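# Descriptive structure summary
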Amino acid sequence: MGDQISWQVELAVKPGQLDNFRALTGDMVESTRGEPGVLSYERFVTDDGKFVHVYERYADSAAALAHLRKFGKNFGERFLSMVDRRRFSVFGNPSDQLRELLDGFGATYLRPFGDFA
């Protein structure tokens, strides 16, 4: 795993917002394509469209921090108008600076256990 940071986020889609969130997700994906250090940026939706699960993986804390800052500036307000964050699980060893930002999202931290590299 090394310096990589990843997270899984469970989002509850607000009533009537699935199509809007789908469009926003397209904008977010396109914006993220050019960011250095983004290794995975995936979204999964339940059959009933009520929940979206997010999986993101970054080369290191610096890449994750750069992404989150850009995300907040460009998409944060719209994002929060469409979904409620239910769970935010972070995998790896985030830097203190990244952890400070993730704490604001109510993150739970999970450190490597039984290294498989």
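Where strands meet in a sheet, backbone hydrogen bonds hold them as pairs that are either parallel or antiparallel. An order of β2-β3-β1-β4-β5 is seen for the five strands of this open sheet, with the pairing classed as mixed. Only two strands of the sheet have a single partner each, and these edge strands are β2 (38-45) and β5 (108-110). Ignoring strand direction, the axes of neighbouring strands in this sheet form an average angle of 15 degrees. By the bridge criterion, seven bridges tie β2 to strand β3 (residues 51-58) in an arrangement that is antiparallel. In the sheet register, Glu42 faces β3, and the bridge partner there is Tyr55.

Mapped onto the elements, Ser31 comes out in helix α1 (residues 18-32). Apart from the residues lying within four places of it in its own chain, the contact partners of Ser31 are Lys70 and Phe75.

Aromatic ring pairs: the centre-centre distance and the angle between the two ring planes describe each pair. Tallying each qualifying case throughout the model produces six aromatic pairs. Considering the side-chain rings of Trp7 and Tyr58, the 5.0 Å spacing of their centres and the 40 degrees angle between planes classify their relative orientation as tilted. With Trp7 in strand β1 (residues 5-13) and Tyr58 in strand β3, this residue pair connects regions lying 51 residues apart in the sequence. Considering the side-chain rings of Trp7 and Phe88, the 5.6 Å spacing of their centres and the 45 degrees angle between planes classify their relative orientation as tilted. Residue Trp7 is located in strand β1, and its partner Phe88 is located in strand β4 (residues 83-91); the two are separated by 81 residues in the primary sequence. When sorted by exposure, Trp7 lands in the same class as Phe88, which is buried.

Before going further, it helps to spend a moment on the packing of helix α2 (residues 61-82) against helix α3 (residues 96-103). Taken N-terminus to C-terminus, the directions of α2 and α3 make an angle of 35 degrees; their axes are 9 Å apart at the nearest point. By crossing handedness, the relation of α2 to α3 is classed as left-handed. Within the contact between the two elements, α2 uses Ser61, Ala64, Leu65, Leu68 and Arg69 and α3 uses Gln97, Leu98, Leu101 and Leu102. Residues that form the contact of α2 with α3 fall into these classes: six nonpolar, two polar and one charged.

Attention now moves to the pairing of β4. Across eight bridges, β1 lies against β4 in antiparallel orientation. Following the sheet pairing, Gln8 is matched in β4 by Ser89. As defined by bridge partners, β4 adjoins β5 across three bridges and the pair is classed as parallel. Paired with Ser89 across the strands is Thr108, a residue of β5. Running through α3, the crossover from β4 to the neighbouring parallel element β5 is right-handed.

Each value, and the rule that gives it
Residues numbered from 1 in each chain as written. Predicted model: local features only at pLDDT ≥ 70, side-chain atom pairs only at ≥ 80, totals over all residues. Heavy atoms only, no water. Pairing = 2+ DSSP bridges. Helix = DSSP H or I, 4+ residues; strand = E, 2+ residues; numbered from the N terminus. Axes fitted to C-alpha atoms, helices over the stretch in contact; angles between N-to-C directions. Contact = heavy atoms within 4.5 Å. Phe/Tyr/Trp six-rings, centres within 6.5 Å; stacked < 30°, edge-to-face > 60°. Buried < 20%, exposed > 50% of the residue type's maximum accessible area, 1.4 Å probe, protein only. Left-handed = near helix turned anticlockwise from the far one by under 90°. Nonpolar A, V, L, I, M, F, W, Y, C, P; charged D, E, K, R; others polar. Right-handed = clockwise from strand over helix to strand, strands pointing away.

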